[in-house]
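What follows is each chain in one-letter form.
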Amino acid sequence: MPDRSCSKLLRALLPLLAATGCDGCPSSKPYTPYTLGSATPAGSPPPLSGVAPGAADAGPEAGAGDQDAAAPPRFAVVPSVPAPAGGKQWPLEGGAVVAAPTGRTFEAGLLLDADGDGARDLVAWARSPDGLRGELLFAPAARPQALRTLTALPGDLAAQGCAPRVGLSQIGPSALTFDFAPQCGDQQRAASAGATRWVAVFRLPGAGAPPELALELRLRTPPPEEALSASIEVADRDADGRDDLVVSVGLAGALRPFPAPSGAAAELRAPLVFLDRPAGLSRDAAQPGEALRGLAASLLRDARGKSTAPSVAAAAQRLRRLHAVLCADAAGGGGAIAGRDAARAGEALVWTGVGPVRCGEPGLAAAIDHAEAVAASTRGAPLAAVAALDHGGAEPRAKEDARLLAKLAPPTTAAAVYRTAAAPQPAGPGAFGPLAFEASGALLVRTAQGVVRVDPAASTESATDVPPWPAAVHAGPAQLVAVERRCDAPTLLALFRSSPDAVGAMEVPLPLLRAQGPRAGAASPERCAGTEKLPFSPLAASESGFDIALGAALVSIDLRAAAPRSSALSFPLTTPAPQGAPRSPDGATLAVPAAGGLLVATAGGAARLWSGGDLAQARACAPANGGARVACVVGAAAVIFEAK
């Protein structure tokens with residue numbers, strides 16, 4: 001069993017977002033972490049095969065001067081050196097020479113005693129002329145002509161048009177890393193469907209044995225706005241006298257349109273721990289789940305404070321994203337798709353040699369949702385809180401969520417008080433509906449023949465000269481046509497045409513991750529369902545753009561800039577309420593499907609969750625001023641409901 005004292009220390013460090021090795025454990029050896037580097041959001045090449053200036057000389061921790069002076073020094077990472085000129089031969093001590101294989105050229109190498117016989121051997125990377133193929137080779141000092149391949153670069157990593165950079169380093173007395181990182185421009189990145197960084201870790205068993213492959217990591221390239229980094233630390237985590245590996249994965253930046261974090265929250269990190277066993281490295285199943293749970297618990301603490309609650313929504317999105325990037329079994333992670341299809345469809349960007357990482361945290365998504373809902377409640381935003389609870393989280397927090405939902409939007413039973421004879425004109429998903437209340441309380445019904453006015457008090461229906469309002473949602477010449485959840489996009493996407501005769505549709509990322517928003521089916525959260533059209537309600541449209549609701553999540557899409565952007569929208573709305581929108585004539589009341597019912601919210605009043613009667617089959621609802629009545633299309637008629 002792993003040494004849990006390290007886990008306790010890790011939990012203590014989680015608020016600082018530092019999930020690295022446990023130097024404080026009695027048997028830990030203070031080795032300097034080896035940083036693999038990170039592609040910056042702008043896509044510039046990451047630093048490879050080096051230690052940050054001064055890292056090798058730094059003390060084990062701040063305040064290390066108070067520790068035992070006899071404590072062993074940190075192991076200073078040893079980077080590789082360039083091959084001799086020409087790269088065709090590499091001289092060893094004593095005059096021996098290692099020749100590069102036919103068709104290969106040495107690029108970088110290390111001279112060290114890799115097999116424990118007291119003489120310095122050669123471990124070197126030999127590449128093809130294009131640099132996209134090659135092998136890591138070992139030449140023992142005792143028999144330099146007995147060149148052997150330690151590992152070959154996997155063939156599926158050859159990203160055409162990308163310039164590879166490699167690094168080879170000794171990160172501990174008995175551990176080496178080889179790092180292959182394709183550097184791709186925007187066009188090459190798109191053409192290669194996401195270049196993959198490949199890291200191989202080797203153990204030096206000694207006793208005359210050559211280095212052996214212990215661990216493979218694949219770090220897929222994130223979207224341009226994000227940066228993925230990793231550091232590897234050698235530490236005896238379980239106090240068995242054998243050096244284990246801690247891979248600390250960090251995610252920085254933010255997807256468009258989320259705001260970029262700053263300060264202490266600029267990067268989130270979580271560890272993968274690999275314990276050294278006689279049969280090889282074995283991943284500690286407690287991580288990264290334990291670290292992710294600790295980060296979610298920290299969110300919940302912040303959610304309850306008035307000064308810290310406003311920052312929780314953005315932090316929750318970053319933690320959801322880290323979960324999706326790191327764990328193939330995260331909601332929407334695509335882990336149920338095998339092989340190359342998973343690499344294209346899933347969000348998990350970190351893979352080991354045996355496949356994607358499964359974190360085994362089914363309740364984590366629900367815990368993050370709960371923290372975000374509590375924060376929204378703390379800052380007085382009940383609709384945002386309901387939207388957080390309506391993300392489709394797992395069961396572990398169902399009772400807590402139900403209590404919070406009942407507080408935010410008390411359940412109300414609705415009863416039908418009038419059913420029209422006039423048949424509303426059918427409207428497709430995402431269109432302006434055929435119903436609209438007037439300020440007087442009368443209901444307008446758009447039919448195929450024109451607009452009918454319904455006076456429920458007098459039980460009369462009469463034709464009017466009110467012009468029918470359009471069903472299509474237009475902002476000037478642009479038309480909103482759909483909202484999609486797609487396997488190849490980490491956020492939900494709004495699709496619109498720039499003009500009626502435009503070919504194809506333009507895409508705008510929405511401030512909701514792929515696992516959020518309404519769900520049309522009950523597919524496994526691990527399985528990506530291709531392209532899924534999502535139900536949404538148009539709230540407003542003008543020359544500047546669109547306001548829409550996806551359940552209780554309110555989003556504004558601004559088309560005025562050259563690159564359209566979207567952002568979260570606060571309730572109450574300030575835009576005028578168009579006819580056919582799920583808003584009252586004065587715009588102060590909203591009625592949208594959410595949390596298994598019809599959420600009716602009025603500015604300055606309480607939100608309520610209506611259910612009962614025919615509301616389960618209702619669609620295209622519109623509220624009256626004050627929210628006492630709601631009209632919906634049910635079957636071939638319009639039905640007016642009142643709360644009991």
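Residues numbered from 1 in each chain as written. Predicted model: local features only at pLDDT ≥ 70, side-chain atom pairs only at ≥ 80, totals over all residues. Heavy atoms only, no water.

Draft legend 1. Highlighting the overall build of the chain. For the chain, the helix and strand inventory stands at eight helices and 39 strands. Taken across its 644 residues, the chain has 52% of its residues classed as buried. Considering only contacts in the chain between residues 6 or more positions apart, those separated by 24 or more positions represent 57%. Within the structure as shown, the chain displays about 26,900 Å² of accessible surface, and the carbon and sulfur contribution to it stands at 55%. (Helix = DSSP H or I, 4+ residues; strand = E, 2+ residues; numbered from the N terminus. Buried < 20%, exposed > 50% of the residue type's maximum accessible area, 1.4 Å probe, protein only. Contact = heavy atoms within 4.5 Å. Areas by Shrake-Rupley, 256 points an atom, 1.4 Å probe, with all protein chains shown as cover.)

Draft legend 2. How the structure looks around the pattern of salt bridges. Evaluated as defined, the whole model comprises 24 salt bridges. Arg 203 is the salt-bridge partner of Glu 212, the closest N and O atoms lying 2.9 Å from each other. Measuring nitrogen to oxygen at the nearest pair gives 2.8 Å for the salt bridge that ties Asp 614 to Arg 419. Placement of Asp 614 in the loop between strand 36 (608-611) and strand 37 (619-623) and of Arg 419 in strand 20 (residues 411-419) is noted, with a sequence separation of 195 residues between them. What makes Asp 614 partly exposed here is its relative accessible area of 26%. Here Arg 419 falls in the partly exposed class, since its relative accessible area comes to 45%. Via salt bridges that share partners, Glu 484, Arg 486, Asp 488, Glu 507 and Lys 533 belong to a single interconnected network. (Salt bridge = Lys/Arg side-chain N within 4 Å of Asp/Glu carboxyl O.)

Draft legend 3. Quick peek at the sheet that holds strand 30 (residues 537-542). One open sheet accounts for four strands, arranged 30-31-32-33; its pairing is antiparallel. The open sheet terminates on both sides in strands that have one partner only, identified here as strand 30 and strand 33 (565-568). For this sheet, the mean angle separating the axes of adjacent strands, direction not counted, is 20°. By the bridge criterion, six bridges tie strand 31 (residues 545-550) to strand 32 (residues 553-558) in an arrangement that is antiparallel. The partner of Phe 546 across the bridge, within strand 32, is Ile 557. (Pairing = 2+ DSSP bridges. Axes fitted to C-alpha atoms, helices over the stretch in contact; angles between N-to-C directions.)

Draft legend 4. Quick look at the environment of Leu 554. Examined against the element boundaries, Leu 554 turns out to sit in strand 32. Along the backbone, Leu 554 and Ala 568 are 14 residues apart, and their C-alpha atoms lie at a distance of 6.0 Å. With residues up to four places along the chain from it excluded, the contact list for Leu 554 reads Leu 383, Leu 539, Ile 548, Ala 549, Ser 567, Ala 568, Leu 569, Phe 571, Leu 573 and Leu 590.

Draft legend 5. Here's a closer look at the packing of helix 7 (residues 382-389) against helix 8 (residues 398-408). Contact geometry of helix 7 with helix 8 gives a least axis separation of 10 Å together with a crossing angle of 155°. Judged by the inter-axis angle, helix 7 sits roughly antiparallel to helix 8. The handedness of the crossing between helix 7 and helix 8 comes out as left-handed. The segment helix 7 lies against helix 8, with Pro 382, Ala 385, Val 386 and Leu 389 engaging Asp 401, Leu 404, Leu 405 and Leu 408. The residue makeup of the contact of helix 7 with helix 8, split by class, is seven nonpolar, no polar and one charged. (Parallel < 35°, antiparallel > 145°, perpendicular 65-115°, else oblique. Left-handed = near helix turned anticlockwise from the far one by under 90°. Nonpolar A, V, L, I, M, F, W, Y, C, P; charged D, E, K, R; others polar.)

Draft legend 6. Expanded view of the sheet that holds strand 9 (residues 148-152). One open sheet holds the five strands; their spatial order is 3-6-7-8-9, and the pairing between them is antiparallel. Each end of this open sheet is capped by a strand with a single partner; those strands are strand 3 (81-82) and strand 9. The sheet contact formed by strand 7 (residues 121-127) and strand 8 (residues 134-139) spans six bridges and is antiparallel. When the bridges of strand 8 are listed, Ala 124 appears paired with Leu 137.

Draft legend 7. Summary view of the pairing of strand 8. The element strand 8 is largely enclosed, with a buried count of six among its six residues. Two successive antiparallel strands, strand 7 and strand 8, enclose a turn made up of six residues, where Gly 131 displays a positive phi of approximately 75°. Alignment of strand 8 against strand 9, held across four bridges, turns out to be antiparallel. Its bridge partner being in strand 9, Phe 138 is matched across the sheet by Arg 148.

Draft legend 8. Molecular detail of the packing of aromatic side chains. Evaluation of the coordinates by the stated rule reveals four aromatic pairs. Ring geometry for Trp 125 and Phe 178: centres 4.8 Å apart, planes at 35°, overall tilted. Separated by 53 residues along the polypeptide, Trp 125 in strand 7 and Phe 178 in strand 11 (residues 175-183) bring together distant segments of the chain. Judged by its relative accessible area of 1%, Trp 125 is buried. An aromatic cluster is present here, built from Trp 125, Phe 178, Phe 180 and Trp 198 joined pairwise through their rings. (Phe/Tyr/Trp six-rings, centres within 6.5 Å; stacked < 30°, edge-to-face > 60°.)

Draft legend 9. Region of the structure containing the nonpolar core. Membership of the largest hydrophobic core comes to 95 residues, with the highest contact counts inside it found for Ile 548, Leu 550 and Leu 599. By size, the runner-up hydrophobic cluster in this structure holds 19 residues, among which are Leu 112, Val 123, Phe 180 and Leu 204. (Core = buried A, V, L, I, M, F, W, Y, C linked by side-chain atoms within 4.5 Å.)

Draft legend 10. Broad picture of the state of the cysteines. Going through the model one piece at a time under the given rule, you end up with two disulfides. At a sulfur-sulfur separation of 1.9 Å, the disulfide partner of Cys 327 is Cys 359. Its S-S torsion of approximately -80° makes the covalent link between Cys 327 and Cys 359 left-handed. Pair noted here: Cys 327 is in the loop between helix 4 (312-326) and helix 5 (339-345) and Cys 359 is in the loop between strand 19 (355-356) and helix 6 (364-378), with a separation of 32 residues, a long-range link. Summarising the burial analysis for this pair, Cys 327 and Cys 359 share the class buried. Linked covalently through their sulfurs, Cys 621 and Cys 632 form a disulfide whose S-S length is 2.1 Å. One quick way to see it: the torsion about the S-S bond of Cys 621 and Cys 632 is about 110°, and its sign makes the bridge right-handed. A residue pair is termed long-range when its members are at least 10 positions apart, and Cys 621 in strand 37 and Cys 632 in strand 38 (residues 629-634) qualify at 11 residues. Each member of the pair, Cys 621 as well as Cys 632, is classed as buried. (Disulfide = S-S within 2.5 Å.)

As far as function goes, none of this settles anything; it's purely spatial.
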